[in-house]
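Structural characterization, general
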Amino acid sequence: MNFDLSQDHKVLQDAVRDFVLKEIKPLAVSIDENHEIPNELVHAIAEMGFLGSYIPEEYGGAGMDMLSYAIVVEEVSKACASTGVLISAHTSLACDPIYRFGTEEQKMQWLPDLTSGEKIGCFLLTEPDAGSDAGAITTTYRREGDEFVINGSKIFITNGAYRGTGVVLATFDKGLKHKGVSAFIVDLESPGVEILKNENKMGIRGSYTTAFGLDDVRVPAENLLGQEGQGFKIAMETLNGGRIGIASQALGIAEGAFTLALNYSKERKQFGAPICNLQAIQFKLADMWARIETSKLMTYKAAWMKDNQKNYSMESAMCKMLASETATYVTKEAIQIHGGYGFICDYEVERMYRDAKITEIYEGTSEVQRIVISKMLLS
């Protein structure tokens, strides 16, 4: 069993690191403070191929694999988790379902604009009473001639404010629960699509988190993704892949915070010597690194399993659970190592701590992942 990255993956990793160092890291603080990722940076990310990493070249993608995508999100998130989740949600929650479930005509129509960054994609699943419980969706649709008409509301939609391309989940009959759910590809500049608000968040503040109202939104019949009644399956399989992206984001946050803490422990002196000489600090560093390496192995394994068309549902839940809890733990310990300075906004670990917490929540909380894992074990 070979745990080394391939030469292609190493070259990609180096290229992403160089790009992040030059283009993203200098902007990370202002992205957080201004609650916005500059359009120029989004365009630069698109030019690097980050918005369509594992989408085939015939649809405008970079034609890489899932592990490459995980590496991209991980390396970007070391410097800026907001930018990492823009890439993750766009790729795994918008491009992926269109690529996997779309017709050839749908792929050719929608994917090139997404992979080029002309449009930023999002996944409109979550509602006030329906997030992880996708069968409880109350947004409805009806058929009128050659169109579907959608009514309802969505909340917590990552990338929503770009008003790009959305994959919208709606039900024909709420009484049918998951059997009544269908998925639609929607241009979010369509009449009837209204942005209600962009949330003011504790972390990942440069990433838009949007609430939508959908009032008689008319969607051409050819925009139905998959078949009617297949929406629940599309949602569950999309979230499986999405969890690998969130795990990669969490892994990057943890690695970024660890590096800062390690360097600080070597530079900060107390009692006449660097604090890294203190066993209490050494124990913290050891625990942090062990959790990071465990999370990385699980995340890369899940990506490899998806690439090789194996059933990766349990692995995606495990990597998301492990990596997100690791990000929260490591950033907390990084602040502890920094002492009072870690609590000051001038030090990056403060932002990383705020950014880390959401990774335990979106794409299903850690408790939801444990339910998924235990159900698969018991079955």
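Before going into details, it helps to say that this report is about the structure given with it. As the structure is a computational prediction, the values presented were derived from the model and not from experiment. Every chain's residues receive numbers from 1 upward, in the order its sequence appears when written. With pLDDT at 70 or above as the cut-off, local features in this predicted model cover only qualifying residues; side-chain atom pairs require 80 or more to be listed or tallied, and sums for whole chains, interfaces and linings still use all residues. In computing side-chain properties, one takes all heavy atoms of the structure into account and sets aside hydrogens as well as water.

1. A short note on the pattern of salt bridges
Pairing is possible between side chains that carry opposite charge, provided their charged atoms lie close to one another. By definition here, a salt bridge exists when the distance from a side-chain nitrogen of Lys or Arg to a carboxyl oxygen of Asp or Glu is within 4 Å. Going through the model one piece at a time under the given rule, you end up with 24 salt bridges. The shortest N-O distance in the salt bridge between Asp 96 and Arg 100 comes to 3.7 Å. Taken together, the residues span about one helical turn, with Asp 96 and Arg 100 both in helix 5 (residues 81-101) at a distance of four residues. Only protein chains enter the calculation, and the probe is 1.4 Å; a residue is then buried if its accessible area is under 20% of its type maximum, exposed if over 50%, and partly exposed in between. Judged by relative accessible area, which is 2%, Asp 96 ranks as buried. Secondary structure counts use DSSP, requiring at least four H or I residues in a row for a helix and at least two E residues in a row for a strand, with both numbered from the N terminus.

2. Focus on helix 10 (residues 348-357)
Buried residues dominate helix 10, accounting for seven of its 10 residues. Those residues of helix 10 lying buried are Val 349, Glu 350, Arg 351, Met 352, Arg 354, Asp 355 and Ala 356. Working rule for contacts: check all heavy atoms of both residues, and any pair within 4.5 Å makes them a contact. Of the surrounding elements, those touching the buried residues of helix 10 are helix 2 (28-34), helix 4 (66-79), helix 5, helix 7 (231-267) and helix 9 (313-338).

3. Here we look at a nonpolar patch on the surface
Patch rule: a residue counts if its relative accessible area is over 30% and it has no salt bridge; like charges are joined within 9 Å, and nonpolar side chains (Val, Leu, Ile, Met, Phe, Trp, Tyr) within 5 Å. What sets the accessible areas is the Shrake-Rupley method with a 1.4 Å probe; for residues, cover comes only from the shown protein chains. Side chains of Met 1, Phe 3 and Leu 297 sit close together on the surface and give an oily, nonpolar patch of about 450 Å² of accessible area. When you line up the elements, Leu 297 lands in helix 8 (residues 279-307).

4. A word on the packing of helix 8 against helix 9
Relative placement of two packed helices is described by the angle separating their axes and the distance separating the axes. Here helix 8 crosses helix 9 at 155°, and the two axes come no closer than 9 Å. Taken together, the axes of helix 8 and helix 9 lie roughly antiparallel to each other. Helix-helix and strand crossings are classified by hand; for helix 8 and helix 9 the assignment is left-handed. Among the residues making up the contact of helix 8 with helix 9, the classes are represented as 15 nonpolar, five polar and six charged. For every element, the axis is a line fit to its C-alpha atoms; helices are fit only across the contacting stretch, and the angle between N-to-C directions ranges from 0 to 180 degrees. When an angle is under 35 degrees it counts as roughly parallel; over 145 it counts as roughly antiparallel; between 65 and 115 it counts as roughly perpendicular; any other value is oblique. Crossings are classed by handedness, with left-handed meaning an anticlockwise turn of the near helix from the far one by less than a right angle and right-handed meaning a clockwise turn. Classes in brief: Ala, Val, Leu, Ile, Met, Phe, Trp, Tyr, Cys and Pro nonpolar; Asp, Glu, Lys and Arg charged; the others, Gly included, polar.

5. Brief notes about unusual backbone geometry
Even without glycine at this site, Asn 159 takes up a positive phi of about 75°. Residue position: Asn 159 is located in the loop between strand 3 (147-158) and strand 4 (165-171). Backbone geometry places Phe 271, a non-glycine residue, at a positive phi of 55°. For Phe 271, the position within the fold is in the loop between strand 9 (269-270) and strand 10 (273-274).

6. Side note on the environment of Val 85
With respect to the helices and strands, Val 85 occurs in helix 5. The exposure class of Val 85 is buried, given its relative accessible area of 2%. Here the alpha-carbon distance between Val 85 and Gly 245, two residues 160 residues apart in the chain, equals 7.9 Å. Discounting residues that sit within four places of it in the chain, Val 85 has contacts with Thr 158, Ile 204, Ser 207, Ile 246, Gln 249 and Tyr 362.

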